[in-house]
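# Observations on the three-dimensional arrangement
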Amino acid sequence: MDKKGLKFNTKTIHGGQALEKAYGAVMPPIYQTSTFAQTAPGEHLGYGYARGANPTRTALENSLASLENGTHGFAFGSGMAAIDAVLKLLRPKDEVLCTNDIYGGSYRIFKGIFEHYGITFKFVDLSNPTYIKQHLSTRTKMVWLESPTNPMMQLVDIAGIANAIADKDILLVVDNTFATPYLQRPLDLGADIVMHSATKYLGGHSDVVVGGLIVKETALAERIKFIQNSSGAICGPMDSFLTLRGIKTLHVRMQRHCENAERIAYFLKEHPKVAKVYWPGFAEHPNHHIAKKQMSHFGAMLSFTLQTEAMEHTKKFISRLKLFTLAESLGGVESLVGHPATMSHGSMPEEERLKNGITDNLIRLSVGIEAVEDLLNDLSYALDEND
Ligand code: PLP
């Protein structure tokens, strides 16, 4: 049977996987080894030194490639390590155009590290793909998109941007962490590189920090492979195993995540103490049409503001929650609440943060897969008592 034509929900379990040869183990073993015996100088059974490749990591990398409809996957020690590897494809004087509402850590590595090496980053409004033309120059070598964005849940028309730069030598990179390949597959929409913080939905259980890159072209894959091996920020065998195990339930988890988030989004929207809810599933969301076009559901991340702008009320609301844990990160089975201004976007200058709508009273939810009634009760209690 040709594994290429498998449906997504089968690929999460079987995509890119081969049965283990020694004993037929159904799960790839954790090859906790740094090196492999050589049969003769320079000859080995496929693996030499584990920075270059490790069979457990290969299983994860093949799974990632399969899920995103790519040809090559790469697993890194964190999402940031994956971003770092992508940026190392650039040269001094190159320019990157980015959506202006991105993860704070991406902003930090762009401005705080790679700008020192002579690469410039321009943050622009890409809510309409035609806007990109005015920003392109001969120096533009990469476009960096996040869709949906963190934490304002704005969407970018990935196919529209891909078409707008199709005749140029520009790499289109999409951070697909929030959507996951369950909801959106950027390579199919024209992107060159998909990036993941697999720490989030792919791992799915808040027990690993892992990054991923997926491409669909061999020459680009070779360049990334070179960087991965040379810089060495690889994903270890244990974390590869755990991430692979998480991926096997990605489709069922995502379905429940999205259903729960939809119920919560509408609940918050109707609540008198809530001012605004940012979730692309609402018909009036400015990018709803894009969500309908490129995603199969609207995701399980949402942000909202309370009617009151007073910080003490925001803090009080968060402290009253019992099931939503106040913690960094997202995408695990358990529901989390975050305060972007001091957490995920704490490293962004205040002026930049406020320009993007990340006010002090903005609250972000990562909706888990608990019984939605319990989550609604938790929110309801925290809101109603918040006077
Ligand atoms: N991209 C997005 C959208 C994220 O939310 C994060 C982390 O929160 C990252 C990248 C970085 O990933 P990691 O924390 O795995 O290094």
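Residues numbered from 1 in each chain as written. Predicted model: local features only at pLDDT ≥ 70, side-chain atom pairs only at ≥ 80, totals over all residues. Heavy atoms only, no water.

### Here's the deal with the sheet that holds strand 14 (residues 362-366)
In spatial order, the strands read 10-11-14-13-12; together these five strands make up an open sheet with mixed pairing. Looking at strand neighbours, the two that pair on one side only are strand 10 (274-278) and strand 12 (325-326), the edges of this open sheet. For strand 11 (residues 301-306) and strand 14, the ladder comprises five bridges, and the chain directions are antiparallel. Across the sheet, residue L302 finds its bridge partner in strand 14, namely L365. Docked against the sheet, helix 9 (residues 250-270) engages strand 10, strand 11 and strand 14, running at close to 15 degrees with respect to strand 11. In the packing of helix 11 (residues 311-320) onto the sheet, contacts are made with strand 11, strand 12, strand 13 (336-338) and strand 14, and the angle to strand 11 comes to roughly 130 degrees. (Pairing = 2+ DSSP bridges. Helix = DSSP H or I, 4+ residues; strand = E, 2+ residues; numbered from the N terminus. Contact = heavy atoms within 4.5 Å. Axes fitted to C-alpha atoms, helices over the stretch in contact; angles between N-to-C directions.)

### Topic: the packing of aromatic side chains
What the rule picks out here adds up to 12 aromatic pairs. Pairing W279 with F298 gives two aromatic rings, centres 5.6 Å apart and planes at 75 degrees, and the pair type is edge-to-face. Placement of W279 in the loop between strand 10 and helix 10 (288-294) and of F298 in the loop between helix 10 and strand 11 is noted, with a sequence separation of 19 residues between them. Judged by its relative accessible area of 0%, W279 is buried. Aromatic rings pair up to connect Y107, F110, F121, F123 and W144 into one cluster. Lying over the aromatic face of F282, K269 brings its terminal NZ or CZ to 4.5 Å of the ring centre. Note that K276 overlies the ring of Y278, its terminal NZ or CZ placed 5.1 Å from the centroid. (Phe/Tyr/Trp six-rings, centres within 6.5 Å; stacked < 30°, edge-to-face > 60°. Buried < 20%, exposed > 50% of the residue type's maximum accessible area, 1.4 Å probe, protein only. Lys NZ or Arg CZ within 6 Å of the ring centre and 35° of its normal.)

### Some remarks on the domain arrangement of the chain
Domain boundaries assigned for the chain yield domain 1 (3-247) and domain 2 (250-384). The centre of domain 1, based on its C-alpha atoms, is set 26 Å off from the matching centre of domain 2. Tallying the contact residues gives 44 residues for domain 1 and 42 residues for domain 2. Buried surface at the junction of domain 1 and domain 2, both sides included, amounts to about 3,400 Å², of which 61% is carbon and sulfur. For the interface between domain 1 and domain 2, the tally reads one salt bridge. Between D157 and K293 there is a salt bridge, and its shortest N-O distance comes to 2.9 Å. Summed over the shared surface of domain 1 and domain 2, the result is 22 residue pairs in polar contact (both at pLDDT 80 or more). Mapped onto the side of domain 1 that touches domain 2, the elements with two or more residues apiece are helix 1 (8-14), helix 4 (104-112), helix 5 (158-164), helix 6 (180-183) and helix 8 (237-247). Among the residues making up the side of domain 1 that touches domain 2, the classes are represented as 23 nonpolar, 17 polar and four charged. (Domains from an automatic or database assignment. Buried area = accessible area lost by both parts, 1.4 Å probe. Salt bridge = Lys/Arg side-chain N within 4 Å of Asp/Glu carboxyl O. Polar contact = N/O pair within 3.5 Å; in protein donor to acceptor, adjacent residues only side chain to side chain. Nonpolar A, V, L, I, M, F, W, Y, C, P; charged D, E, K, R; others polar.)

### Quick notes on empty space enclosed by the protein
For the coordinates displayed, the defined rule picks out three cavities of 30 Å³ or more. In this structure, the largest cavity spans a volume of roughly 70 Å³. Lining the largest cavity we find T99, N100, D101, V124, D125, L126, S127, T149, Q154, L155 and V156. Considered class by class, the residues forming the lining of the largest cavity number four nonpolar, five polar and two charged. (1 Å grid on protein atoms, 1.4 Å probe; cavity = no way out; pocket = protein on both sides within 12 Å on 5 of 7 lines; lining within 4 Å. Points joined across faces, edges and corners; volume = space filled by probe spheres on them.)

### So, helix 9
The end-to-end C-alpha separation of helix 9 is 30 Å, in line with the 30 Å expected for 21 residues at 1.5 Å each. Turning to helix 9, its buried residues number three or more, namely L250, H251, R253, M254, H257, C258, N260, A261, I264, A265 and L268. (Expected span 1.5 Å × (residues − 1).)

### Brief notes about helix 7 (residues 218-231)
In a regular helix each residue adds 1.5 Å, so 14 residues correspond to 20 Å; helix 7 covers 20 Å between its end C-alpha atoms and thus fits that length. Here the buried face of helix 7 lies against helix 2 (55-67), strand 3 (72-76), helix 3 (79-87), strand 7 (171-175), strand 8 (193-197) and strand 9 (211-215). Positive backbone phi, approximately 85 degrees, marks G232, located one or two places after helix 7.

### What to know about the environment of A179
Looking at where A179 falls in the secondary structure, it is placed in the loop between strand 7 and helix 6. Considering only alpha carbons, one finds A179 and G331, 152 residues apart in sequence, at a separation of 9.9 Å. Leave out the neighbours within four places in its chain, and A179 touches S147, P148, Q184, M254 and M295.

### Overview of the site of the ligand
Taken together, 13 residues are adjacent to the ligand, and G79, D175, S197, T199 and K200 come closest. Here an oxygen atom of the ligand sits 2.9 Å away from a polar atom, N or O, in the main chain of G79. Summarising the interface, the protein chains cover 91% of the accessible area of the ligand, which totals 390 Å² for the free molecule. Assessed atom by atom at 2 Å from the grid points, the ligand resides in the largest pocket. The class makeup of the residues in the shell around the ligand is five nonpolar, six polar and two charged. (Near = heavy atom within 4 Å. Areas by Shrake-Rupley, 256 points an atom, 1.4 Å probe, with all protein chains shown as cover. Sits in = over half its atoms within 2 Å of the grid points.)

### Remarks on the pairing of strand 8
Extensive coverage of strand 8 is indicated by the burial of five of its five residues. Of the pairings in the sheet, the one linking strand 7 to strand 8 comprises three bridges and is parallel in character. Paired with D175 across the strands is M195, a residue of strand 8.

### Quick word on the layout of surface pockets
Empty space left among the atoms is revealed by rolling a probe the size of a water molecule over them. Space inside the largest pocket adds up to approximately 440 Å³. Taken together, the elements giving at least two residues each to the lining of the largest pocket come down to helix 3, helix 4 and strand 8. Considering each element in turn, the lining of the largest pocket owes the most residues, four residues, to helix 4. Of the residues belonging to the lining of the largest pocket, the class tally is nine nonpolar, 14 polar and six charged. Residues lining the lining of the largest pocket come from more than one domain, with at least three contributed by each of domain 1 (3-247) and domain 2 (250-384). Size it by volume and the second largest pocket reaches roughly 370 Å³. Along the wall of the second largest pocket there are 15 residues; nearest its centre are A18, L19, E20, Y31 and P55. Looking at the lining of the second largest pocket, its residues break down into nine nonpolar, four polar and two charged.

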